[in-house]
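Analysis of the macromolecular model
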Amino acid sequence: MQLFPAIKMKMGNWDYYSVKMKMSAVASEIKFASEVTDDVTLDKHLQRELQEARVGPIMDYIRTTDERFFNSLVVAALGGNPDWIDIDIADNPELNVFRRQIVDTFGVLSFDDSLKLFALDGQHRLASIKKLLDNKDASVTPPPGFADEELNVIFVKQKDGTSTDEFIKAYRRVFSALNRRAKGTSEATNVIMDEDDRFAIVTRMMIADNEFFKWNGDAETNPKIDLKSSSGNIPQGSVALTTLVTFYKLNIELLWDNELSS
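Residues numbered from 1 in each chain as written. Predicted model: local features only at pLDDT ≥ 70, side-chain atom pairs only at ≥ 80, totals over all residues. Heavy atoms only, no water.

1. A few points about the side chain of Lys 130
- Checked against the element boundaries, Lys 130 lands in helix α5 (residues 123–133).
- At 5.0 Å, Glu 35 is the nearest oppositely charged side chain to Lys 130, a buried residue that forms no salt bridge.
- From its side chain, Lys 130 meets the backbone oxygen of Ile 30 in a polar contact 2.9 Å long.
- Once residues lying within four places of it in the same chain are set aside, the contact partners of Lys 130 are Ala 27, Ile 30 and Phe 32. (Helix = DSSP H or I, 4+ residues; strand = E, 2+ residues; numbered from the N terminus. Buried < 20%, exposed > 50% of the residue type's maximum accessible area, 1.4 Å probe, protein only. Lys, Arg positive; Asp, Glu negative; His and termini not counted. Salt bridge = Lys/Arg side-chain N within 4 Å of Asp/Glu carboxyl O. Polar contact = N/O pair within 3.5 Å; in protein donor to acceptor, adjacent residues only side chain to side chain. Contact = heavy atoms within 4.5 Å.)

2. Brief notes about the sheet that holds strand β3 (residues 73–78)
- One open sheet accounts for 7 strands, arranged β4-β5-β1-β2-β7-β3-β6; its pairing is mixed. Strand pairing shows two members of the sheet lacking a second neighbour, β4 (83–86) and β6 (116–121), which therefore form its edges. Between one strand axis and the next, the sheet turns by 40° as a mean value, whatever way the strands run.
- Sheet topology note: the β4/strand β5 (residues 106–111) ladder contains 4 bridges and is antiparallel. Directly across from Ile 85, in β5, lies its bridge partner Val 108. (Pairing = 2+ DSSP bridges. Axes fitted to C-alpha atoms, helices over the stretch in contact; angles between N-to-C directions.)

3. Let's talk about the pairing of β3
- Counting buried positions along β3 gives 6 out of 6 residues, so the element sits mostly inside the fold.
- Side chains Leu 73, Val 75 and Ala 77 project from β3 onto one buried face, and the interleaved Val 74, Ala 76 and Leu 78 project onto a second face that is buried too.
- Relative to strand β7 (residues 150–156), β3 runs parallel, the two being bridged by 3 bridges. Within β7, the residue paired with Val 75 across the bridge is Phe 155.
- Note that β3 and β6 share 5 bridges and pair antiparallel. Within β6, the position partnered with Val 75 by the bridge is Ala 119.

4. A look at the nonpolar core
- Judged by nonpolar contacts, the single largest core of 34 residues is most densely connected at Val 19, Met 21, Val 26, Ile 30, Ile 129 and Phe 155.
- Here this core takes 5 residues from α5, the largest share from any one element.
- Contact partners of Ile 129, with chain neighbours within four places excluded, come to Met 23, Val 26, Ala 27, Phe 70, Phe 146 and Leu 151.
- Counting 17 residues, the second-largest nonpolar core is a separate cluster that includes Val 36, Val 74, Ile 168 and Phe 175. (Core = buried A, V, L, I, M, F, W, Y, C linked by side-chain atoms within 4.5 Å.)

This is the structure in structure tokens:
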């Protein structure tokens, strides 16, 4: 039996928990859908196909980035739900003002071996964590202390009285909501936000420090770089010389050196 601190929450028709788990527990306790069910028909698929090509870059990110950070994993279970043990902190006088908000909110989830936990969303992150901690490949080592680092895991609770087929369909709807309707960031946003892409960093520095490109944001001035266009196309009516995305790609072409790729 495993115990994990958790917060109970609700959204729409779903009851779910935000669970604090160490990376070592994530690696050992959470499985892939293919590991917890023998039914591999299209109608029973619970997650997208695992693509090994996506796992390596995530592992490299974990190993080389001190500021590493993951979104929450979303997990479910076949065969029932974990037991919820409520922790009553509403009797603390200092928390009286929050009494209504915190009653039946904080507690511990108890997982036993009968529950088959699987990743509903985040299987590539899960695969990366598992590979780094399985100790099967001496050339692949996790950062020091990685096993004890912590991750937020969202556990989606199976509704009481639902059949296996019903909750599989419901979980697929959750997966669709998390992935199909998710919108990735634009190319322009990636250039503005990326702190690991050297060409994005150089592009921002040029705009911020070079007098020709510098713009103080004053609407009365004419910016040389269109920062809003999400593509390489200058919007109709724009007076900009070029777009941020085009400027970024131009810097890649001009500044690229084969030594950088080694």
